[in-house]
Amino acid sequence: MTFRRRLVQAAVALAKPAAASRGSVATTAAAIQHATNSAACTGLPRAQFPWAKVSLGFAAAGLMTVAEPPSAGCTSTAVKADGQAAAPPLPAVKPQDGSVSHKVVFVLGGPGSGKGTQSARLVEEFGLVHLSAGDLLRAHMKSGSPEGQMVADMIKDGKIVPSHVTISLLQQAMDNSGKHKFLIDGFPRNEENRSSFESQTGIQPELVLFFDCPEEVMERRLLGRNEGRTDDNMETIRKRFKVFIESSLPVIQHYEALGKVARINADRSADDIYKEVRRLVVEL
Ligand SMILES: Nc1ncnc2c1ncn2[C@@H]1O[C@H](COP(=O)(O)OP(=O)(O)O)[C@@H](O)[C@H]1O
Ligand SMILES: O=c1ccn([C@@H]2O[C@H](COP(=O)(O)OP(=O)(O)O)[C@@H](O)[C@H]2O)c(=O)[nH]1
């Protein structure tokens, strides 16, 4: 079965959750149902997105989850923008070593969905520290070490680099920044990334921004990116899309069930997307 046909079938199955009895689509439907129920139970606001395109984000079609409400043990630090009203406090993250707690927003979405573009704007406006896992890995692959070579080979082949390598780069970058509010872009990319990061750092994200974009739009953007990347070619792009569906979407489903995902239609102008994105971050 072709990749595109699989996407279409999955999207159709999602539109009829009762008909989807097993496999990833059924899991997705269950996760969505769970998230929907959770939001209803807590009385949180819930919004429906009107679009229902066939896209890599089909897993979340028709659903937007809600940002977490402040919980007990909130800190008093809030993200502000342009001197606007202070946002409600963020839930505290329990640091493992008693140091200042880190606050993290994960920026997820398929390759070329605009994660880096939107992250750069958020950094400019809110002064968060932008950690692109891909950029850290690309810097690491230039180290000339055997591990660097392994990373280079994996990126060229569209594979996910072992968690311990990426987490150690992220941890180092967080420590070196001296700051405690981070936008982590392009990570976690699979369930193992996610669970290892959470257990090793003790950090849970405050919010997960999910840039949902049709495959053909991402493909066009990647082929036009022109940054000399070894993975922005048709062969690797196809592999990356497959990895995204099979390995990365389950991470989004996990956070969706926890009510932490804001799904954003990324098939719009960068300016329109940012209007929505900044509203989500200012509300943190
Ligand atoms: N909303 C958008 N509309 C059109 N092009 C975009 C948009 N967002 C990003 N791009 C372009 O698409 C390419 C991929 O964007 P990028 O932010 O690098 O994606 P990602 O980090 O998700 O891989 C870049 O060349 C970027 O300039
Ligand atoms: O946590 C990460 C982030 C990136 N990558 C690798 O780096 C590549 C490029 O990722 P990036 O986020 O830079 O770009 P995207 O694919 O989202 O355009 C991926 O395909 C993976 O091979 C990885 O293994 N783990």
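Remember, predicted model here, so these are calculated numbers, not experimental data.

**Notes on the packing of aromatic side chains**
Then step 1. A full pass over the atoms with the stated rule returns four aromatic pairs.
Then step 2. Relative to Phe 197, the ring of Phe 106 has its centre 5.7 Å away and its plane inclined at 65°; by these criteria the two rings are edge-to-face. Pair noted here: Phe 106 is in strand 1 (residues 103-109) and Phe 197 is in helix 7 (residues 191-201), with a separation of 91 residues, a long-range link.
Then step 3. Overall, Phe 197 belongs to the buried group, its relative accessible area being 1%.
Then step 4. Taken together, a centroid distance of 5.5 Å and an interplanar angle of 70° make the contact between Phe 187 and Phe 197 edge-to-face. Note that Phe 187 is positioned in the loop between strand 3 (181-185) and helix 7 and Phe 197 in helix 7, a separation of ten residues in sequence.

**Concerning the nonpolar core**
Then step 1. Leu 122, Leu 209, Phe 211 and Val 277 are the most contacted members of the largest nonpolar core, which totals 25 residues.
Then step 2. Contributing elements (two or more residues each) for this core: strand 1, helix 3 (115-126), strand 4 (207-212), helix 8 (215-223), helix 9 (234-257), strand 5 (261-265) and helix 10 (270-282).
Then step 3. Here this core takes six residues from helix 10, the largest share from any one element.
Then step 4. Not counting residues within four places of it along the chain, the set of residues in contact with Phe 211 comprises Val 107, Leu 108, Gly 109, Gly 110, Ser 113, Lys 115, Gln 118, Ile 264, Ala 266, Ile 273 and Val 277.
Then step 5. Membership of the second largest hydrophobic core comes to 24 residues, among which are Leu 108, Leu 131, Phe 197 and Tyr 255.

**Brief notes about the pairing of strand 3**
Then step 1. With five of five residues buried, strand 3 is to be regarded as a mostly interior element.
Then step 2. Every second residue of strand 3 is oriented toward a common face, with Lys 181, Leu 183 and Asp 185 on one face and Phe 182 and Ile 184 on the other, all of them buried.
Then step 3. Here four bridges tie strand 2 (residues 129-132) to strand 3, and the two strands are oriented parallel to one another. Within the sheet, the bridge partner assigned to Val 129 lies in strand 3 and is Phe 182.

**Structural notes on the site of ligand 2**
Then step 1. Every one of the 19 residues lining ligand 2 counts as a neighbour, but Lys 115, Arg 138, Lys 159, Val 161 and Arg 240 are closest to it.
Then step 2. One nitrogen or oxygen atom from the side chain of Arg 138 is found 2.8 Å from an oxygen atom belonging to ligand 2.
Then step 3. The separation between an oxygen atom of ligand 2 and a polar side-chain atom of Arg 229 is 3.1 Å.
Then step 4. Contact with the protein chains covers 97% of the free accessible surface of ligand 2, which is 510 Å².
Then step 5. Take the shell around ligand 2: its biggest share by element is four residues, from helix 4 (residues 133-141).
Then step 6. Its residues placed into classes, the shell around ligand 2 shows seven nonpolar, four polar and eight charged.

**Some remarks on the packing of helix 7 against helix 9**
Then step 1. Taken N-terminus to C-terminus, the directions of helix 7 and helix 9 make an angle of 50°; their axes are 8 Å apart at the nearest point. Considering the angle they form, helix 7 stands oblique to helix 9. The segment helix 7 lies against helix 9, with Glu 191, Arg 194 and Glu 198 engaging Ser 247, Pro 250, Val 251, His 254 and Tyr 255.
Then step 2. When grouped by side-chain class, the residues that make up the contact of helix 7 with helix 9 number three nonpolar, two polar and three charged.

**Details of the site of ligand 1**
Then step 1. Around ligand 1, 13 residues are found, and the nearest of them are Lys 115, Gly 116, Thr 117, Arg 225 and Arg 268.
Then step 2. For ligand 1, an oxygen atom lies 2.9 Å from a polar atom in the backbone of Gly 116.
Then step 3. Taking 560 Å² as the accessible area of ligand 1 by itself, protein coverage stands at 72%.
Then step 4. At the level of secondary structure, the elements contributing two or more residues to the shell around ligand 1 comprise helix 3 and helix 10.

**Here's the deal with the UniProt feature "binding site: a ribonucleoside 5'-phosphate" (unreviewed entry) in the chain**
Then step 1. In the numbering adopted here, UniProt assigns the feature "binding site: a ribonucleoside 5'-phosphate" (unreviewed entry) to Arg 138, Lys 159, Ile 160, Val 161, Gly 186, Phe 187, Pro 188, Arg 189, Arg 229 and Arg 240.
Then step 2. We classify Phe 187 as buried; its relative accessible area is 1%.
Then step 3. Apart from residues lying up to four places away in sequence, Phe 187 is in contact with Phe 106, Leu 108, Ala 133, Thr 166, Ile 167, Leu 170, Asn 193 and Phe 197.
Then step 4. Its location among the elements puts Pro 188 in the loop between strand 3 and helix 7.
Then step 5. Beyond its immediate chain neighbours, meaning those up to four positions away, Pro 188 contacts Phe 106, Leu 108, Asn 193, Arg 194, Val 251 and Tyr 255.

**What to know about the sheet that holds strand 4**
Then step 1. In space, the five strands of this open sheet follow the order 2-3-1-4-5, with parallel pairing throughout. For this open sheet the edge positions go to strand 2 and strand 5, each flanked by a neighbour on one side alone. Averaged over all neighbouring strand pairs, the angle between strand axes comes to 20°, with direction disregarded.
Then step 2. Relative to strand 3, strand 1 runs parallel, the two being bridged by five bridges. Along strand 3, the bridge assignment pairs Lys 103 with Lys 181.

Thresholds, definitions, all that
- Residues numbered from 1 in each chain as written.
- Chains lettered and ligands numbered in written order.
- Predicted model: local features only at pLDDT ≥ 70, side-chain atom pairs only at ≥ 80, totals over all residues.
- Heavy atoms only, no water.
- Phe/Tyr/Trp six-rings, centres within 6.5 Å; stacked < 30°, edge-to-face > 60°.
- Helix = DSSP H or I, 4+ residues; strand = E, 2+ residues; numbered from the N terminus.
- Buried < 20%, exposed > 50% of the residue type's maximum accessible area, 1.4 Å probe, protein only.
- Core = buried A, V, L, I, M, F, W, Y, C linked by side-chain atoms within 4.5 Å.
- Contact = heavy atoms within 4.5 Å.
- Pairing = 2+ DSSP bridges.
- Near = heavy atom within 4 Å.
- Polar contact = N/O pair within 3.5 Å; in protein donor to acceptor, adjacent residues only side chain to side chain.
- Areas by Shrake-Rupley, 256 points an atom, 1.4 Å probe, with all protein chains shown as cover.
- Nonpolar A, V, L, I, M, F, W, Y, C, P; charged D, E, K, R; others polar.
- Axes fitted to C-alpha atoms, helices over the stretch in contact; angles between N-to-C directions.
- Parallel < 35°, antiparallel > 145°, perpendicular 65-115°, else oblique.
- UniProt positions renumbered as here; feature names shortened; annotations may be inferred.

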